[in-house]
Amino acid sequence: MTGTGEYAVQLRAVWLRLGREAVLRGIDLDIPQGEHVTLLGPNGAGKTSLLRLLASALRPARGEGRILGYDLRDAAAVREQIHLMPVDAALYPDLTCRENLEFALRMHSRPLSGVSEALARVHLTDAEDRRTRFLSAGMRRRLALARAWVLARPLTLVDEPFANLDTAGRELVLELLGDLTTRGTTLIIAAHEPELAARLAPRQLHVAAGQLREVREAAR
Ligand SMILES: Nc1ncnc2c1ncn2[C@@H]1O[C@H](COP(=O)(O)OP(=O)(O)OP(=O)(O)O)[C@@H](O)[C@H]1O
């Protein structure tokens, strides 16, 4: 496959096997840079697995893929382009809120600026020196959101951003991820809340039985 940087994601005939199961069965996908996409589908359909494949954390059994023009098999290059925010937030429990954000910036060789602003935007300024193991689940999700926001990777992948959040938390998700979408980031989110997700990512893809189906683009 000839890749082009005009696309954030290009998949061709991609199969993904996990254990004995074929989770993805020969899928094709084109996502232009700057597009915002929601993955819908029932529990166990393969949304998280697809996000992990795009993050080069899982390797396709067959087929080819490119992320911003880089071959999916070149994990180091792909990881420079992406950020995956998993459901469990994946923070370092013994680092403080501030240290978690600074560590993420260092990993991407970025200056340590914007951390205070990011913490303020998710209302964690008062908790900045607290180790994340002592945060509530909702606070951890907000910190993970702040990390995605401060990193602002060209391709940001977010797994179930609205799950287990109160109304204010959901508004924060809409605000911060919405901010990323206006800054040119390509955003792919997996969600079980189609109406809410459509406010961020109007192109909707349904994942089921190892296949992707385009849902009519939600009204903006
Ligand atoms: N590490 C693994 N080893 C084997 N099978 C796995 C593994 N991870 C996921 N699976 C299987 O792959 C399938 C897809 O799981 P996945 O987590 O991608 O679904 P999902 O669409 O994100 O579901 P949910 O909406 O519940 O989060 C499921 O059948 C799951 O059991």
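Fair warning: this is a prediction, and the values are worked out from it, not measured in the lab.

Counting 64 residues, the largest nonpolar core has Leu 54, Ile 67, Ala 146, Leu 157 and Ile 189 as its most contacted members. Ranked by the residues each element gives to this core, the list is headed by helix α5 (residues 137–151), at eight residues. Those residues within four positions of Ile 189 in sequence are excluded, and the remaining contacts are Thr 38, Val 158, Pro 161, Ala 197, Leu 200 and Ala 201.

Next up on the list: the confidence of the model for the protein chain. Mean pLDDT over the protein chain: 92, with 95% of residues reaching 70 or higher. Across the predicted assembly, pTM comes out at 0.92 and ipTM at 0.95.

A few words now on the sheet that holds strand β5 (residues 70–71). In spatial order, the strands read β2-β1-β4-β5; together these four strands make up an open sheet with antiparallel pairing. In this open sheet, the two edge strands, each paired with only one partner strand, are β2 (21–32) and β5. Where strand β4 (residues 62–67) meets β5, two bridges bridge the pair, whose relative direction is antiparallel. Within β5, the position partnered with Arg 66 by the bridge is Asp 71.

Rules of the game
Residues numbered from 1 in each chain as written. Predicted model: local features only at pLDDT ≥ 70, side-chain atom pairs only at ≥ 80, totals over all residues. Core = buried A, V, L, I, M, F, W, Y, C linked by C-beta atoms within 7 Å. Buried ≥ 20, exposed ≤ 12 C-beta atoms within 10 Å, placed from the backbone. Helix = DSSP H or I, 4+ residues; strand = E, 2+ residues; numbered from the N terminus. Contact = placed C-beta atoms within 7 Å. pLDDT = per-residue confidence, 0-100. Pairing = 2+ DSSP bridges.

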